[in-house]
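Geometric and topological summary
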Amino acid sequence: MKKIVILVDQMHSHGGIEKLVAIKANYWSAVFGYDVTILSTEQGKKPLIYELNEKVKFQDLVIDFDRNKSYFSFVNILKLLKNIFKIQQYIFTQKPDFVLVASHIPITYVLPFLFTGKAKTIKEFHYTKFYDTNQGIKNKVLIFIESKYDFLAVLSKEEQSFYYSKNTVVLPNPIADEINRSVTKVTQRPLVAAAIVRFAPVKQLELMVAVWEQFYQRHPSWELHLYGSIGNDYYKTIFNLVQEKQLEKTILFKGQTNEVSKILEDARVLLMTSIQECFPMVILEAYAAGVPVVSYDCPTGPRNIIHNEEDGFIVAVGNQSAYVKRLEELAENTSLLETMGTKAQEKVSNYMLPKVMNLWNTIIFAK
């Protein structure tokens, strides 16, 4: 039986990485029959946000990095030494076959240099390197470290082009939800556009509000539903912007949700205005529900999933009038909306969970 250990910072907060870790750990243990353990550094006593299969083991190493300080600060260096000791101890005693770093955590910079015995090391990347133009000594050190992993798992061919090492493999994110062929036709759903986001400046929700303000003038029956954990400073900024523009009756803040599939099955379109996205799972979830997506052409994820004018629209970054025009096309042309919704469900089959997990099995775990 293959033994796999997954290294993360935590599994107590909603997030794409945390959800993916749970999906993969559950599948590898339940379907492939592998021995899977998740080791965290900062879980504490908080409950798991995503359910794990009873066969998946979970342990917090109680490292508790100080997130208010640099990872290279004195206090965090000491914690890193503790982290290294515990990981090395785990490898010595448990003798895993594969050690996977799923989060961007300090052990990332050290793992390839530990004594791992027969274990293969893998680093997953869930952010884009499109903007990484640093050619200094820091970048050279990072390239050297990355080259020492057995595998670098990236999410698309475009992302692969940003790496210098020959150990990169393309493993896209999977969609765990089944395609619901009996879902209500997208043209028969409420006049709702959805955005499922993390309230952070990278999502550029002020641009979404600007688009919606213009769209709403001609389509006053529509609503934009914003889903995401509320309360932080950026949320307050967007909330106040909506109030200032008197759009509170058409832009509704729905809070955090665990029912993404149900929400999308009641929406007609998904909106994205991010400045960058590596491989957003929410697009796959929208497609599974037969929902077209309108997104700015931000690096690099949306354009590697959306087939422009087939199952959604890719709009030049910052071109508000073009974005509004595309949204109006979907609102006014029910035939186009239905065709795109059907195409979306067809395209998402490429990312279904068994297909992507079999890639892991043949590319990584067969080694």
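Let us look at the structure shown here. (Residues numbered from 1 in each chain as written. Predicted model: local features only at pLDDT ≥ 70, side-chain atom pairs only at ≥ 80, totals over all residues. Heavy atoms only, no water.)

**Concerning the nonpolar core**
- Grouped together as the largest cluster of nonpolar side chains are 34 residues, with contacts concentrated most on Trp212, Leu224, Ile251, Val269, Leu271 and Val294.
- Considering each element in turn, this core owes the most residues, six residues, to helix 5 (residues 205–218).
- Among all residues touching leucine 271, those that are not within four sequence positions of it are Ala193, Ala194, Ala195, Met208, Trp212, Leu224, Val294, Tyr323 and Leu327.
- If you look at the next biggest cluster of nonpolar residues, it comprises 33 residues, including Tyr27, Phe32, Ile38 and Leu171. (Core = buried A, V, L, I, M, F, W, Y, C linked by side-chain atoms within 4.5 Å. Buried < 20%, exposed > 50% of the residue type's maximum accessible area, 1.4 Å probe, protein only. Helix = DSSP H or I, 4+ residues; strand = E, 2+ residues; numbered from the N terminus. Contact = heavy atoms within 4.5 Å.)

**Details of the sheet that holds strand 5 (residues 120–124)**
- Spatially, the seven strands line up as an open sheet ordered 3-2-1-4-5-6-7, and their pairing is parallel. Only two strands of the sheet have a single partner each, and these edge strands are strand 3 (57–60) and strand 7 (168–170). On average, adjacent strands in this sheet sit at an angle of 25 degrees to one another, irrespective of strand direction.
- For strand 4 (residues 98–101) and strand 5, the ladder comprises four bridges, and the chain directions are parallel. Following the sheet pairing, leucine 100 is matched in strand 5 by isoleucine 122. (Pairing = 2+ DSSP bridges. Axes fitted to C-alpha atoms, helices over the stretch in contact; angles between N-to-C directions.)

**Thoughts on the pairing of strand 6 (residues 151–154)**
- Going residue by residue along strand 6, you find Phe151 and Ala153 tucked away on one face and Leu152 and Val154 tucked away on the opposite face as well.
- By the bridge criterion, three bridges tie strand 5 to strand 6 in an arrangement that is parallel. The residue of strand 6 that forms the bridge with lysine 123 is leucine 152.
- In terms of strand pairing, strand 6 meets strand 7 through three bridges, oriented parallel. What sits directly across from valine 154, in strand 7, is valine 170.

**Section: helix 6 (residues 233–244)**
- The end-to-end C-alpha distance of helix 6, which contains 12 residues, comes to 16 Å, matching closely the 16 Å that a straight helix rising 1.5 Å per residue would cover.
- Among the residues of helix 6, Tyr234, Tyr235, Ile238, Leu241 and Val242 are the ones counted as buried. Projected onto a plane normal to the axis of helix 6, the buried residues spread over an arc of 125 degrees and lie on a single side. Across helix 6 from its buried face, at more than 90 degrees, point the exposed residues Asp233 and Glu244.
- In this fold, the buried residues of helix 6 make contact with helix 5 and strand 10 (251–255).
- Capping the start of helix 6, asparagine 232 holds a side-chain oxygen 3.2 Å from the backbone nitrogen of tyrosine 234, two or three residues further along.
- Just downstream of helix 6, glutamine 246 is the residue with a positive phi angle, here 55 degrees. (Expected span 1.5 Å × (residues − 1). Arc of directions from axis to C-beta. Polar contact = N/O pair within 3.5 Å; in protein donor to acceptor, adjacent residues only side chain to side chain.)

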